[in-house]
Amino acid sequence: MKKMNTMLALTLALGTAFSVNAVLNNGNIAKAESSAEVTQEMNATQKKQKMTFVLIHGAWADASYWKETAKSLRKAGHTVHTPEYAGHGANFDAKVTHEEITKSVVDYIKKNNLHDVVLVGHSFGGTIIAKVTEQVPNDIKRLVFLDAFIPKDGESMMDQVPEHAQKIFESLRDASGDNTITLPFPVFRETFANKATLEQAKEIYAVAPKEPAGPMFEKLDLKKFYSFENIPKSYVYQTEDTALPPAPFAWHPAQSSHLGLYRLIVTEGDHMSTVHNKPDLIAEKLIEAGRD
């Protein structure tokens, strides 16, 4: 009964745009046609512009999270990197720190001599790309946050969730015996993979059922990140993502508003399964978020 109450509590806890408007009144067809031409030019420019994406996954995942979406981006002619960061994937380490995670991504960018990078962070990955940017700002063309956490200076990722949810995460961490957090599958299924079939949800969950807790609770010095007002930023909001509960904690605008000036891209999707089930859609939205 206690386990069921914990799962229920956690489930409840987690539970500048540009438009071209054609003026058709008073027979003003010329303006409508002109607007359509501008839209066509924008789409053509978007297709011609080739970008270098570096995709950073979030918690309870590994680099394979991006497999299908990376394929769609490459099919569209873009260069895509999906590095695995420290303490995750095959080299799982429950004691990994946020600094070590950040360094592993920075080292990857330097080792591969990457420039003009569209750096994408999903969920917990938002905290990673913020810290990475502090170390290689001249190599970043644009930051894209996909339903991602963006803590204020001095805050942690965990500070972004409701207080009662924080206490539940702390209980799961303390009960693990190795400083990790394993989400109960019913919580993952209903709040992280709510658009997936049961079979798909189980497959996604099995990839990385436990997560090092330390980096999620680390308070981050983000003064330098917030000083980079000249680096463009975008936020991609998936409307069916219930990994964070509704306002005041929802991804948008609760997290996106921390960015100051940013481009908002809105699409359908949940937290973990849409990148697998509709990769062309997510790729399209990342392109819209990353383009000039």
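Summarised in this report is the structure supplied together with it. This structure is a prediction, so every number in the text was calculated from the model and none was measured.

Here we look at the pattern of salt bridges
At step 1: Evaluation of the coordinates by the stated rule reveals 14 salt bridges.
At step 2: Among the ionic pairs, Lys-103 bridges to Asp-107, the shortest N-O distance being 2.7 Å. A residue pair is termed a helical-turn pair when its members lie 3 or 4 positions apart in one helix, as Lys-103 and Asp-107 do in helix H4 (residues 98–111) at four residues.
At step 3: According to the relative accessible area criterion, Lys-103 is partly exposed, its value standing at 47%.

Considerations on helix H5 (residues 125–135)
At step 1: Extensive coverage of H5 is indicated by the burial of ten of its eleven residues.
At step 2: Along H5, the positions that sit buried rather than exposed are Gly-125, Gly-126, Thr-127, Ile-128, Ile-129, Ala-130, Lys-131, Val-132, Thr-133 and Glu-134.
At step 3: Close packing links the buried residues of H5 with strand E1 (52–56), H4, strand E3 (117–122), strand E4 (140–146) and helix H10 (223–227).

Quick notes on helix H6 (residues 163–176)
At step 1: With 14 residues, H6 ought to run about 20 Å at 1.5 Å a step, and its terminal C-alpha atoms sit 20 Å apart, in line with that.
At step 2: Within H6 the residues assigned to the buried category are Ala-165, Gln-166, Ile-168, Phe-169 and Leu-172. Projected down its long axis, H6 shows its buried positions confined to an angular sector of 160 degrees, all on one face. In H6, the exposed positions that point more than 90 degrees away from the buried face belong to Glu-163, Asp-174 and Ala-175.
At step 3: The first or second residue beyond H6 is Gly-177, which carries a positive phi of 85 degrees.

Things to note about the side chain of Thr-191
At step 1: Mapped onto the secondary structure, Thr-191 falls in helix H7 (residues 185–191).
At step 2: One polar contact links the side chain of Thr-191 to the main-chain carbonyl oxygen of Val-187, over a distance of 2.6 Å.

Digging into the packing of aromatic side chains
At step 1: For the coordinates displayed, the defined rule picks out nine aromatic pairs.
At step 2: Both rings, one in Trp-60 and one in Phe-169, keep their centres 6.3 Å apart while their planes meet at 25 degrees; by these two values the pair is stacked. With Trp-60 in the loop between E1 and helix H3 (67–75) and Phe-169 in helix H6, the pair connects residues that are 109 residues apart, well separated along the chain. Per residue, the accessibility class of Trp-60 equals that of Phe-169, and both read buried.
At step 3: Plain terms: the ring middles of Tyr-65 and Trp-66 are 5.0 Å apart, the flat faces sit at 85 degrees to each other, and that makes the pair edge-to-face. Like Trp-66, Tyr-65 is buried.
At step 4: Here the aromatic cluster, defined as three or more aromatic residues joined through ring pairs, consists of Trp-60, Phe-169, Phe-185, Phe-188, Phe-192 and Tyr-205.
At step 5: The positively charged end of Arg-173 is found above the aromatic ring belonging to Phe-217, 4.6 Å away from the centroid.

The rules behind the values
- Residues numbered from 1 in each chain as written.
- Predicted model: local features only at pLDDT ≥ 70, side-chain atom pairs only at ≥ 80, totals over all residues.
- Heavy atoms only, no water.
- Salt bridge = Lys/Arg side-chain N within 4 Å of Asp/Glu carboxyl O.
- Helix = DSSP H or I, 4+ residues; strand = E, 2+ residues; numbered from the N terminus.
- Buried < 20%, exposed > 50% of the residue type's maximum accessible area, 1.4 Å probe, protein only.
- Contact = heavy atoms within 4.5 Å.
- Expected span 1.5 Å × (residues − 1).
- Arc of directions from axis to C-beta.
- Polar contact = N/O pair within 3.5 Å; in protein donor to acceptor, adjacent residues only side chain to side chain.
- Phe/Tyr/Trp six-rings, centres within 6.5 Å; stacked < 30°, edge-to-face > 60°.
- Lys NZ or Arg CZ within 6 Å of the ring centre and 35° of its normal.

Bear in mind that shape data such as this cannot, by itself, settle questions of function.
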